[in-house]
Each structure stands twice: as C-alpha cells, then as structure tokens.
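Structural description and commentary
In case you want the letters, here they are:
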Amino acid sequence: MIFNRKTICLLFIILAASTTINKGFAEGDDWRENMKYLQYSPRYFGPNAFPMPELRKGFLGTRREAELRGEYHEFEGDRTKDIYARLFVPVAEGCAGLEINYVIYEYYNMTRETVEERHAAGRSWDNGAHGDVIISSFYQLLRSEKWTDILLEATLKTASGNRLADARYTDAATYWFNVNIGRNLYKSPDNKFHLRIQGFAGFYCWMTNDIIHRQNDAILYSAGICGTYRNFILDADIAGIYGYKNNGDRPLQLRVKLNYEYRNNILSFRYKRGMKDALYDAFSLAYIRRF
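Residues numbered from 1 in each chain as written. Predicted model: local features only at pLDDT ≥ 70, side-chain atom pairs only at ≥ 80, totals over all residues. Heavy atoms only, no water.

1. Concerning the confidence of the model for the protein chain
The criterion, for reference: The predictor attaches a confidence to each residue, and that confidence, scored 0 to 100, is pLDDT. A contact between two residues is defined here by any heavy atoms of the two lying within 4.5 Å.
When the pLDDT values of the protein chain are averaged, the result is 89; 89% of them are 70 or greater. Ignoring residues within four places in sequence, the model shows residues 6-29, a span with pLDDT below 50, making two contacts including any to other chains.

See the structure below:
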C-alpha cells in the first residue's frame, strides 16, 4: 500500500489529536482520583472560597444599594483579580433586609508550589472562574441610641462557584449566623463627627470532603471601630474564623475601609491584611449607588 504525503499528514494529525484527547481524559481521571486530597479550609483554597462576613455597625440602612467592586488579592503563591457585585434591599424601613453577593469573574495565577500544596489540577484557567451566590437576611433586634444597636444576620453560601479542580471554590454549601452589636462612643454637637465601637460573634459552618467529619464548625468573631466626619467614613476591624479541626481553618484578617459619600454615590477603598490561615492581602475599589 502506497501512502502519499497528504495521507501521511492526515494520519499524523489524527494520531496527535487522539493522543491529546486521551491525555486530557487521563489528566481528568487522575485529578478526580486526587479529589480526596483537597483540604477544605481557607488556607488551601482561593481568597473568595470562604468569605468573611462584613461588620454591620449593629443597624441597617433604609435605602437600596447596588455595588460593583474590583479586587486584587496576593500572596507569594497566587495572584488573583476579581469583579464582585452586591445588591442590598431593605424591608420595613430598615427593620429587616436582604442582600445578594456574587463574584462575577475571577482570574488567578498560582505558582507550581501552591498547586502542589493544594493538590490542584492547574495553575490558572483561561476562561477564569465565577464565584458562589451568597444570600443574606438581616433582622433588627434592637435600635437604641441610649443602649446599643443589635442586628441578627443569617447567611447561606450556595455551591454555584466553579473550578473546584483548582481549589478556587468548594462546590459545597456554607452557612453562618452572627449577632452584630454597635454603640456610639461620641457624637459632636453639630452631628458632623461620630465615633463608634462595633463587633459581632456567631457560628460558621461548611461542608467538607471528609467521609467521617462531613462538616467543619467554627466560631465567628469581629471587633472594630468606626469614625465618621462629614462625608468620610473610616472603618477598621479584626475579624476571624476559628474552626475546630485546626487544618488551616483559622483565618484572621485586619480590615480597613474608607468611604466617601456624595449624595447617593459612594466611592469605597478597602485593604485587608491576611494573618494566620488567611494568606492573602487584598486591595479593592468600589462604586456604590443608593436608590
């Protein structure tokens, strides 16, 4: 049988394609075998897999808010950029509220050392990742200028995020409850300056891939201070999650947020310093619109 040049080229292309396809299936099969080695804790996943709840001052706003935020997270083993969206809707003039958070797009680039440590499939994904839909409900338990403000939060993080293969999102449900408390320390006579202490405490739980211990239960906590002068609001707090397994489940963050408000518009800059099992430092800039 005589093969001409075109036939040889065609056979070569088919053989190369078959090898690539088989390799792809093999890599996928290999990774699925390695799923049991994934460590479901904040230290071994991307920066958005285990979100830290916001400190709420102990009370809710009475107006709807829509937010679009760009974020940059970094540590020596990963560089992550994302676009984040939030929608808040008050109910009964601020006595309750509903909020939806979502990471629309996440681009990441991990080092080989990080990939090996996390048992991930690859360093990056050309199409990027998208995050989990997070639904929060709030209930104002007490609003008192004389005593204190108390707010209850109940939140569910869905399993809608992708790229579990790269240890970016857990593909498992998470929920938390906390009680926010805030009280004014000082208010100027002209009402232009406020100084306030605030904090929360609660419970944080997420599903894991451990056959015996199917979930990790954790204590949730935060304490901070807030200063307001004219159109500027500066918040600073320390927040953490304290899991019972001690397998990278005890992240701690120092968070600083500066807002500038002009009528119904807010510009917001944030900095987060990761400590203990929170590996990432983060910078972000957002635009918030009130309605």
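Back to the text.
2. So, empty space enclosed by the protein
So the rule is basically this: A 1.4 Å probe that fits but cannot get out identifies a cavity on a 1 Å grid over protein atoms alone, an open set with protein on both sides within 12 Å along at least five of seven lines counts as a pocket, and a residue lines either if it has an atom within 4 Å of a point. Grid points are joined across faces, edges and corners, and a volume is the space filled by probe spheres set on the points. Secondary structure elements follow DSSP: runs of H or I of four or more residues count as helices, runs of E of two or more count as strands, with numbering from the N terminus. Lys, Arg, Asp and Glu make up the charged group, whereas Ala, Val, Leu, Ile, Met, Phe, Trp, Tyr, Cys and Pro make up the nonpolar group; the residues left over, Gly among them, are polar.
For the structure shown, the criterion picks out three cavities of 30 Å³ or more. Considering only enclosed or pocket space, the largest cavity measures out at about 140 Å³ in volume. Lining the largest cavity are Glu54, Leu55, Gln198, Asp235, Ala236, Asp237, Arg255, Val256, Lys257, Arg270, Tyr271 and Lys272. Elements represented by at least two residues in the lining of the largest cavity include exactly strand 9 (232-243), strand 10 (251-262) and strand 11 (265-276). When its residues are assigned to classes, the lining of the largest cavity shows four nonpolar, one polar and seven charged.

3. Notes on the nonpolar core
What counts is decided by this rule: Take the buried residues of types Ala, Val, Leu, Ile, Met, Phe, Trp, Tyr and Cys, join any two whose side-chain atoms come within 4.5 Å, and each joined set is a nonpolar core. A simple rule labels every residue: compare its accessible area, found with a 1.4 Å probe on the protein chains alone, to the largest value its type can have, and call it buried under 20%, exposed over 50%, or partly exposed in between.
Formed by 19 residues in total, the largest nonpolar core has its most connected members in Tyr40, Phe45, Phe50, Tyr204, Trp206, Leu220 and Ile241. Among the secondary structure elements, those contributing two or more residues to this core are strand 7 (193-207), strand 8 (215-229) and strand 9. Counting residues per element, this core draws most heavily on strand 7, at three residues. Those residues within four positions of Trp206 in sequence are excluded, and the remaining contacts are Tyr40, Pro42, Phe50, Ala173, Thr174, Arg214, Gln215, Asn216, Ala218, Ile241 and Asp249. Formed by eight residues, the second largest nonpolar core is a distinct cluster that contains Tyr84, Tyr108, Ala129 and Tyr169.

4. Concerning the pairing of strand 4 (residues 133-143)
Filter applied, for reference: Strand pairing requires that DSSP identify at least two bridges connecting the strands.
Of the strand pairs in this sheet, strand 3 (residues 96-110) and strand 4 are connected by seven bridges, and their pairing is antiparallel. Paired with Glu99 across the strands is Ser136, a residue of strand 4. When strand 4 meets strand 5 (residues 149-157), the two strands line up antiparallel, connected through nine bridges. The partner of Leu142 across the bridge, within strand 5, is Ile150.

5. A few points about the pairing of strand 1 (residues 65-75)
Only one face of strand 1 is covered, namely the face carrying Glu65, Glu67, Arg69, Glu71, His73 and Phe75; the face carrying Ala66, Leu68, Gly70, Tyr72 and Glu74 is uncovered. Looking at chain direction, strand 1 and strand 2 (residues 78-91) are connected through 11 bridges and run antiparallel. Counterpart to Leu68 in the pairing with strand 2 is Ala85. The loop that links strand 1 with its antiparallel partner strand 2 comprises two residues. Sheet analysis places strand 1 next to strand 12 (residues 281-290), joined by 10 bridges and oriented antiparallel. Residue pairing for strand 12: Arg69 is matched across the bridge by Ala286.

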